[in-house]
Every structure is written in structure tokens, then in C-alpha cells.
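Residue-level listing of the chains:
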Amino acid sequence: MTASTMPFDVVFAHALRGEACTVRTVEGAPVPLPVEDWTRGADVVDRLFLRHCAGATIDVGCGPGRLTEELALAGHVVLGVDVVHEAVTQTRHRGGPALRRDVFDRVPGEGRWDTVLLADGNVGIGGDPAALLRRMRDLLGRGGRIVVEVEPPGRPTGSADVQLTCECASTTYFAWGRVGVDGLSALADRTNLTVRAVDRYDGRWCAVLGVRR
């Protein structure tokens with residue numbers, strides 16, 4: 001039976017509640033969405049990523065909140081933001097502060113955050129990595145940083161149309177960005193940012209970007 005079409009926030013909420021979910025491009029085969037990795041607690045690699053977060057941190061696309069929770073436990077002023085109500089609810093249940101908000105709309109503390117965190121592929125939000133990074137730059141205070149998870153060498157930087165499918169429903173195709181580590185310097189140049197550091201942790205790649213003055 002063909003699944004019905006429903007909005008992204010509805011389908012993703014089903015995934016966060018434990019329903020099997022896949023993601024696919026127009027031309028590609030479906031691959032499992034790693035929701036189980038996001039709903040558990042932070043692991044060793046997550047904590048290595050979070051060492052790059054300094055001061056007050058906004059976790060953009062916080063999902064079910066494992067990183068927001070970990071930052072709060074470490075003593076950071078932190079706020080998770082996500083467009084999906086279920087994600088915000090689960091983050092709050094973990095004890096992390098969270099707000100349902102599109103990050104392209106006005107957010108609390110705009111222009112004063114020390115760190116913007118884009119983990120778990122969230123550099124893809126909006127389908128235009130350059131536009132997203134420019135928006136993240138606007139959230140930062142002076143001397144702030146963007147901590148962003150990027151894809152391994154050999155992966156392209158750009159955008160593709162993707163679709164989420166759970167047992168109950170699918171989304172329509174929507175634009176999602178991707179950033180490979182090979183294209184990071186060129187992307188930083190386009191967005192008036194500078195690459196401060198790039199680290200690899202057990203197959204995951206983490207970059208720290210600063211605002212070029």
C-alpha cells in the first residue's frame with residue numbers, strides 16, 4: 001500500500017517516536033534515517049564534538065535533544081531550536097531548554113551567541129548551505145564560532161531533493177544541503193567565514209568556523 005503524503009514535521013515526529021524511517025534522493029535508493037543514534041544519550045564522539053562549543057550555545061535542529069542535554073549538563077547556557085514539536089518536547093523531557101522555531105525567523109539572543117552548533121547533517125537545513133551559514137553568522141556575537149558537522153572527503157557540496165518515508169506516510173521531496181570537507185574552504189570564503197579547525201572523530205568530521213573581520 002502506498003503511504004500517504006504528510007508534512008515534514010508530522011513524518012519526522014513519527015520517526016522520533018520510534019517508527020522506522022528512510023531518506024532518499026530522487027535518483028537514489030532509500031537509506032535508513034539514523035534516528036536511534038539521535039534519541040539515545042550523547043556518546044564519546046558527540047562529546048569530542050561538543051568540546052569545540054564555547055560559552056552560550058544554540059543547538060540548531062536539536063532533534064530529540066541529546067546534544068542540548070549534554071551541553072546543559074556540562075554547564076553551558078544552551079538553547080535547542082527545532083521546527084518539529086515532538087523534537088522540542090523530547091528535548092525538554094531530557095531537561096534541556098528548547099524552542100519550536102524556524103532558525104530563519106527571529107530567535108532569542110540573536111547576535112549574542114558564542115557558539116552555533118550544526119550537528120547530525122543539520123548544515124543541510126533549508127537546502128542552501130551558504131544561505132544557512134550566513135544566517136548562523138548573524139546569530140553570533142563578536143568572536144563567536146560555528147561548530148558544524150561535515151561529510152568526509154570525496155563527498156560533494158551542494159543541494160539535493162530528498163524525501164522522508166515512514167510506515168505511515170511520506171513527505172513530498174524537499175531541498176536539503178550537504179557540505180563535504182573538501183568544499184568547506186570555498187564555502188567559508190563565500191560566506192565571509194574562516195575555517196579555524198577541522199577534526200576527524202571516528203569517521204565523523206567536525207569543523208569550526210569563525211567570522212572573518
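Residues numbered from 1 in each chain as written. Predicted model: local features only at pLDDT ≥ 70, side-chain atom pairs only at ≥ 80, totals over all residues. Heavy atoms only, no water.

*Asks:* For this particular structure, what's the right way to read the nonpolar core?
*Replies:* Most often, soluble globular proteins have nonpolar side chains that are buried together. In this structure, Val-60, Val-116, Leu-118, Met-136 and Ile-146 are the most contacted members of the largest nonpolar core, which totals 32 residues. The dominant element in this core, judged by the number of residues it contributes, is helix α6 (residues 129–139), at five residues. Contact partners of Met-136, with chain neighbours within four places excluded, come to Val-60, Val-103, Val-116, Leu-118 and Ile-146. Listed in part, the 14 residues of the second largest apolar core include Ala-15, Leu-33, Trp-38 and Cys-166. (Core = buried A, V, L, I, M, F, W, Y, C linked by side-chain atoms within 4.5 Å. Buried < 20%, exposed > 50% of the residue type's maximum accessible area, 1.4 Å probe, protein only. Helix = DSSP H or I, 4+ residues; strand = E, 2+ residues; numbered from the N terminus. Contact = heavy atoms within 4.5 Å.)

*Asks:* Can you walk me through the packing of aromatic side chains in this structure?
*Replies:* Two numbers describe a pair of aromatic rings. These are the distance of the centres and the angle of the planes. Under the criterion given, the structure shown has five aromatic pairs. Connected via pairs of aromatic rings, a cluster forms that spans Phe-8, Phe-12, Trp-38, Phe-174 and Trp-176. Against the face of Phe-49 rests Arg-204, its NZ or CZ located 4.6 Å from the ring centre. (Phe/Tyr/Trp six-rings, centres within 6.5 Å; stacked < 30°, edge-to-face > 60°. Lys NZ or Arg CZ within 6 Å of the ring centre and 35° of its normal.)

*Asks:* What is the right way to read the state of the cysteines from this model?
*Replies:* Chemically, a disulfide is nothing more than a covalent bond linking the sulfur atoms of two cysteines. This model, assessed by the stated rule, comprises zero disulfides. Cys-166 supplies the cysteine sulfur nearest to Cys-21, a cysteine that is in no disulfide, at a spacing of 3.3 Å. Under the relative-accessibility criterion, Cys-21 is labelled buried at 5%. Unpaired in terms of disulfides, Cys-62 finds its nearest cysteine sulfur in Cys-53, a separation of 13 Å. On the basis of relative accessible area, Cys-62 is assigned to the buried category, the value being 7%. (Disulfide = S-S within 2.5 Å.)

*Asks:* I would appreciate a short explanation of the pattern of salt bridges in the present structure.
*Replies:* Pairing between side chains of opposite charge can happen when their charged atoms approach one another. Under the criterion given, the structure shown has 16 salt bridges. Across the salt bridge formed by Glu-110 and Arg-106, the nearest N and O atoms sit 3.5 Å from each other. Residue classification places Glu-110 among the buried positions, given a relative accessible area of 17%. Arg-106 sits in the exposed class, given a relative accessible area of 60%. The closest approach of N and O atoms between Arg-204 and Glu-149, which form a salt bridge, is 3.0 Å. (Salt bridge = Lys/Arg side-chain N within 4 Å of Asp/Glu carboxyl O.)

*Asks:* Explanation requested: unusual backbone geometry in the structure shown.
*Replies:* Backbone geometry follows two general trends: most residues other than glycine have a negative phi, and most peptide bonds adopt the trans configuration. One non-glycine residue, Asp-120, lies in the positive phi region at around 55 degrees. Following the sequence through the fold, Asp-120 ends up in the loop between β7 (113–118) and α6. Given the relative accessible area of 22%, Asp-120 is considered partly exposed.

*Asks:* Quick question: what am I supposed to make of the pairing of strand β13 (residues 204–211) here?
*Replies:* Looking down a regular strand, the side chains alternate between one sheet face and the other. Along β13, eight of the eight residues are buried, which leaves the element largely enclosed by surrounding structure. Residues Arg-204, Cys-206, Val-208 and Gly-210 line one face of β13 and the alternating positions Trp-205, Ala-207, Leu-209 and Val-211 line the opposite face, and both faces are buried. Strand direction decides the pairing type here: strand β8 (residues 140–150) and β13, joined by six bridges, are antiparallel. Within the sheet, the bridge partner assigned to Arg-145 lies in β13 and is Gly-210. The pairing of strand β12 (residues 193–201) with β13 spans eight bridges and is antiparallel. When the sheet's bridge partners are listed, Asp-199 is paired in β13 with Cys-206. In this antiparallel pair of consecutive strands, β12 and β13, the connection spans two residues, and Asp-202 shows a positive phi of 50 degrees. (Pairing = 2+ DSSP bridges.)

*Asks:* Even after reading the chapter, I still don't get the sheet that holds β8, so can you show me in this structure?
*Replies:* Strands sit in the order β6-β5-β4-β7-β8-β13-β12 across an open sheet of seven strands; the sheet is mixed. The two strands at the open ends of the sheet, each matched to only one other strand, are β6 (98–100) and β12. Averaged over all adjacent pairs, the angle separating strand axes in this sheet is 20 degrees, with direction ignored. Relative to strand β5 (residues 78–82), helix α4 (residues 66–73) is tilted by about 170 degrees, and along the sheet it contacts β4 (57–60), β5, β7 and β13. Each of β4, β7, β8, β12 and β13 touches α6; the most contacted strand, β8, lies at about 145 degrees to it. (Axes fitted to C-alpha atoms, helices over the stretch in contact; angles between N-to-C directions.)

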